[in-house]
Amino acid sequence: MLEIWTEKYRPRVLDEVVGQKNVVPRLKSYVKSGNMPHLLFAGPAGIGKTTCAIALAREFFGENWQSNFYELNASDERGIDVVRVNIKEYARTAPFGGAPFKIIFLDEADALTSDAQAALRRTMEKYSRTCRFILSCNYSSKIIEPIQSRCAVFRFTRPGEGDIISYLRRIIEGEKLKISDEAVKQIAYVADGDVRKAVNILQVAASFSDGKEITLKTVFEATAMADPKDVREMIGKAMEGNFMDARRILDKLLIDQGLSGEDIIKAIHKVVIDEAGIKEDKKVIMLEKIGEADFRMVEGSNPRIQIEALLAAFGLI
Amino acid sequence: MSVDSVEWTEKYRPRTLDEVVGNRDAIRKMKLWAKGWIDGVPLKKGAEAKDEIMKKKALILAGPPGVGKTTSALALASELGWSVIELNASDKRSGDIVREIVLTGALTESFREDGSFTLFRDGERKLIILDEADNLSGREDRGGVQAIVEAIRKGSQPMILIVNDLYALQKRSSAFKGKHSPAAVVKFRKPDARDIERVLTRIVRDEGLEIDREIVSEIAYRSRGDVRGAINDLQSFAYSGLSVDNIADAGARDRETDIREGLRRAAFSGSIRDARKALMDAGEDPGNLLAWIDEVLPRLSSSRIELFRGYRHLSMADIHLSRVYRRGQYSLWAYATEEMAASLMFIRDKDRFPSSFFPQWILKMGRSRGVRNIRKSLAVKMAKYMHTTSERALHDALPYFQILFNRDERFMYEMIYRLRLEENEVEYLIGDSAKAKYAVKEAMKGRKSREIKKESQATLFSFG
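Residues numbered from 1 in each chain as written. Chains lettered and ligands numbered in written order. Predicted model: local features only at pLDDT ≥ 70, side-chain atom pairs only at ≥ 80, totals over all residues. Heavy atoms only, no water.

Overview of the packing of aromatic side chains
All told, the structure shown has 13 aromatic pairs over all chains when counted by the stated rule. Relative to Phe154(A), the ring of Tyr30(A) has its centre 6.2 Å away and its plane inclined at 75°; by these criteria the two rings are edge-to-face. Residue Tyr30(A) is located in helix H2 (residues 24-33), and its partner Phe154(A) is located in strand E5 (residues 151-155); the two are separated by 124 residues in the primary sequence. Each of the two residues, Tyr30(A) as well as Phe154(A), counts as buried. Considering the side-chain rings of Phe61(A) and Phe101(A), the 5.9 Å spacing of their centres and the 70° angle between planes classify their relative orientation as edge-to-face. Of this pair, Phe61(A) sits in helix H3 (residues 49-61) while Phe101(A) sits in the loop between helix H4 (80-92) and strand E3 (102-107), placing them 40 residues apart in sequence. Pair check on accessibility: Phe61(A) and Phe101(A) agree, each one buried. Among the aromatic residues, those joined into a ring-pair cluster are Tyr30(A), Phe41(A), Phe154(A) and Phe156(A). Across the ring face of Phe101(A), the terminal group of Arg132(A) is positioned such that the distance to the ring centre comes to 4.6 Å. Just above the ring of Phe268(B) sits the side chain of Arg264(B); from NZ or CZ to the centre is 5.3 Å. (Phe/Tyr/Trp six-rings, centres within 6.5 Å; stacked < 30°, edge-to-face > 60°. Helix = DSSP H or I, 4+ residues; strand = E, 2+ residues; numbered from the N terminus. Buried < 20%, exposed > 50% of the residue type's maximum accessible area, 1.4 Å probe, protein only. Lys NZ or Arg CZ within 6 Å of the ring centre and 35° of its normal.)

Structure below.
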């Protein structure tokens, strides 16, 4: 095992992309015509937005694709300066090797401030002769209207279990793994449409099996190890009214494990939904509170305070 | 550690406006005002200017101590080559000088012609800085303020008043209120702990000191926006070699006592109005105040319902604050403070109020800074390799990556090489520093012998 399989088996051509039947044919028609507009890829993480952007570049530019493809992550390089400096610098030079245009792939474009998006819009317009933009985002609603209207919008949906299983099969074959059918199904179930997650679980499970068959048990082991720990315990403490202990666990999650507030809320949500020990009428109230906390976190600046407020509310249930 | 006897607050006082910590908006306004003087706008009746501030003869710099008001005034003068007369309003003689300036018309052109007063040469600007203008001496305060107003109106030189409490000044003279005021107000705010940390780090470097980064950021944080205080703390730390707790106690104890006292008073007040006032008097940035209340709230609550109520208010306060900061809706600041006050007010058992406490969260964050930095650098390397953001790499991929790293030695060596991982990053992943050191050395030198195809390396490092 010398590589991360998500990279080793990342589809190289559009035809290999799984579960995006509404997207792939349209992208292929661009390749056929030799031209494309600016594109906006919307959808959750791990379902093929980046893969499609890279595959598209490969199909347009062939071997030299990397010299005409610029990838940058808006959430790492936030702000208006990125647009003004980095993007502009790249956009203004001519395409390499006689290509008709260059592609700038801006991941998580919804992380850009609206000022930066406005600057981006001007750049898109100014350099549209030499440059095509592919913006990716979780929610297209966070992209300002003028940009949306300049892009062809593609909505990526979560692939079904069948699609994920057929993709996993490709890797299983390539790595010559032995794995039971129910284990494959379980991975696809846990991944819940996130292809990257499915592949990661498969790789960890394979590392546990030491060359023997990967069983359902191995998959359970692998998923348990990578799940955010302690969330269940934190909820339990909060419901007992032991707020200080719950808060200590929360701090551990936020600081030692470096989880974001959003990740913790998601994990809390999952535990509450799946937990058999909580009565349904209580669950309903808890879910309402979780939803409110999640919403406030989008609005609020301090995830710790919002989750603490949620834990204090759990104390009354 | 070698330490000289010069005061660092003087030695490292910014010489130009751009070196001043934080307060970019205030600096921009000051430059604009100075531009007005350079063009001679304030001395011409009915002159046009693109901004009101350019027409004003004087500026009032208002803000808490140690945030750079005097420094900025001096830097402005030195940048423009203006000479400076520094007066302190609390000094009786300064009052006299101000009065004298008015009485004799010392600042008008006509006065200079009789030859007895050569302070000002033709066309030269002298900046008069009147410090502590909200703190005039003597019982004849009212007259004192009036003298300043006159001095501004009649004078022909730029003047800067420096105040901590703008309202105290405006209470004494209504001339400073409204748009006909002869002086424009420029507000200075407390700079961010990160900004202060940057200043301290530069000093540490320039002084050639070896002080742990965590200590520097602790000092920066504890200074609560007081740059001068932070630099003094740093210097006394360098002199004494004491533990940071001792230094911080010396430097920050008073401020922390103020905050605790403010929270205590808020908890004991009978009305939301008093509680709000108590919090405002604590003189702390509302964002920090939130952390303090968060610390003490669970300890004060004697029942689950109290705790729930407290956090309901605190959570609303947080939302108001984020709107203030993110969207600049400063009018919401009041609601944030009121929600904070409300969170404390309904505590029934006041005896639970602890005599001493400090936000644990802040200490925990400080202690874990090293680890968080390592995770961050690791995530950046992984993100590039996996075509994703560092945030996603950290949360989606790192847990799996870490398992594989520990279970498969070949994978570990290969990843150390491909991602150019460093010792501390490997140590974080496997939890063993000796092994990490060995692994990094082996991974870098022994790669060829592990028979890895050239082709796979080429594809992996090629993305911009």
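Looking at the interface of chain B and chain A
Taken together, the contact pairs 57 residues of chain B with 62 residues of chain A. Carbon and sulfur atoms make up 57% of the area that chain B and chain A hide from each other, which totals about 5,200 Å². Salt-bridge contacts for Asp294(B) lead to Arg304(A); the nearest nitrogen and oxygen are separated by 2.7 Å. Taken together, the connections running from chain B to chain A amount to 15 residue pairs in polar contact (both at pLDDT 80 or more). Mapped onto the side of chain B that touches chain A, the elements with two or more residues apiece are helix H13 (286-300), helix H14 (304-327), helix H16 (360-367), helix H17 (369-385), helix H18 (390-407), helix H19 (409-418) and helix H22 (454-460) of chain B. Of the residues assigned to the side of chain B that touches chain A, the class counts are 26 nonpolar, 11 polar and 20 charged. (Contact = heavy atoms within 4.5 Å. Buried area = accessible area lost by both parts, 1.4 Å probe. Salt bridge = Lys/Arg side-chain N within 4 Å of Asp/Glu carboxyl O. Polar contact = N/O pair within 3.5 Å; in protein donor to acceptor, adjacent residues only side chain to side chain. Nonpolar A, V, L, I, M, F, W, Y, C, P; charged D, E, K, R; others polar.)

Examining the packing of helix H14 (residues 280-299) of chain A against helix H15 (residues 303-314) of chain A
What describes two packed helices is the angle between their axes and the distance between those same axes. Residue and element names in this part refer to chain A. One can describe the packing of H14 onto H15 by two numbers: an axis separation of 9 Å at closest approach and a directional angle of 165°. Taken together, the axes of H14 and H15 are roughly antiparallel relative to one another. In this structure, H14 crosses over H15, and the sense of that crossing is right-handed. Where H14 abuts H15, its residues Met286, Lys289, Ile290, Ala293, Arg296 and Met297 lie against Pro303, Gln306, Ile307, Leu310, Ala313 and Phe314. Class assignment for the residues of the contact of H14 with H15 results in 9 nonpolar, 1 polar and 2 charged. (Axes fitted to C-alpha atoms, helices over the stretch in contact; angles between N-to-C directions. Parallel < 35°, antiparallel > 145°, perpendicular 65-115°, else oblique. Left-handed = near helix turned anticlockwise from the far one by under 90°.)

Structural notes on the confidence of the model for chain B
Detailed reading of predicted coordinates is not advised where the pLDDT is low. Residues and elements named next belong to chain B. Residues of chain B with pLDDT of at least 70 account for 81%, and the chain-wide mean is 80. Within the model, the stretch residues 105-122 combines pLDDT values under 50 with 26 contacts to residues more than four positions away or in other chains. In the model, residues 137-142 has pLDDT below 50 throughout and makes 8 contacts with residues more than four positions away in sequence or in other chains. Scored as a whole, the predicted complex attains pTM 0.59, and scored at its interfaces, ipTM 0.81. (pLDDT = per-residue confidence, 0-100.)

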